[in-house]
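Overview (structure and organization)
The lines below spell out each chain.
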Amino acid sequence: MIRIALLAGSNRKDASSTKLLRYMAGRLTERGVEAALFDVYESPLPMYSPDDEEPHPNARRLASLVRSADALVLGTPEYHGSVSGALKNALDYLGSEEVGGKPTLSVSSSGGAVGVSSLTHLQSIVRGLHGINCPEWVSLGGRQRLFEDGAPADEGMRARVDRALDQLTRIAAALKSDAAT
């Protein structure tokens, strides 16, 4: 079974990026994938400091979740053309031991048309952690940020999410199969 960790990186209670990751977790579960969401709003992390001798319990839980996953989905609101500070802080707790070699899907939500700047920044961070960027990415923008019954209201966005998740799970399965041989 494929295991995917989803990291929601918003400090906002009803963030559209977090809603999208919750929807994605449900879609993955429907496909028989084990999906686990870590929400930094619900499990806040103190500012990362390499001088801390003992990691915060939420940081230990995050690292364990990511380490045990076969693939990742990272979600962020776009703030000032980049990723949220909350997501960047969470990623600072991780290293190549947790992320390295794992396919990673980047997801954003923007008040404008799309959050491409945050996605390119997020993909740079994934490369720095030795992860494998999924060729797809997903960005909510404008009216696409509307949700009905936990799902994106926009039919095109639902289809895009499905395509991106299909690609992510195919890559994760192929890598897992290669590792087993």
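Up top is the structure these notes are about.
Since we're looking at a predicted model, the values are computed, not measured.

A few words now on the overall build of the chain. The secondary structure content of the chain amounts to six helices and seven strands. If you list the helices and strands of the chain from N to C, you get β-α-β-α-β-α-α-β-α-β-β-β-α. In summary, the chain has a C-alpha radius of gyration of 15 Å against a globular reference of 16 Å for 181 residues, a match within 12%. Once the C-alpha set of the chain is aligned to its principal axes, its extents read approximately 45 × 40 × 25 Å. By residue count, 48% of the 181 residues in the chain fall in the buried class. At a minimum sequence separation of 6, the contacts of the chain that also span at least 24 residues come to 78%. Counting every atom, the chain has about 8800 Å² of accessible surface; 49% of that belongs to carbon and sulfur. Of the side-chain charges in the chain, 20 are positive and 22 negative, and the distance between the mean point of each set is 4 Å.

Look at His80: it is not a glycine, yet its phi comes out positive at around 50 degrees. Take His80: it is sitting in the loop between strand S3 (71–77) and helix H3 (85–92). Judged by relative accessible area, which is 86%, His80 ranks as exposed.

Criteria and thresholds
- Residues numbered from 1 in each chain as written.
- Predicted model: local features only at pLDDT ≥ 70, side-chain atom pairs only at ≥ 80, totals over all residues.
- Heavy atoms only, no water.
- Helix = DSSP H or I, 4+ residues; strand = E, 2+ residues; numbered from the N terminus.
- Rg over C-alpha atoms; globule rule 2.2 N^0.38 Å.
- Buried < 20%, exposed > 50% of the residue type's maximum accessible area, 1.4 Å probe, protein only.
- Contact = heavy atoms within 4.5 Å.
- Areas by Shrake-Rupley, 256 points an atom, 1.4 Å probe, with all protein chains shown as cover.
- Lys, Arg positive; Asp, Glu negative; His and termini not counted.
- Charge placed at Lys NZ, Arg CZ, Asp CG, Glu CD.

Geometric descriptors of this kind do not, in isolation, establish any biological role.
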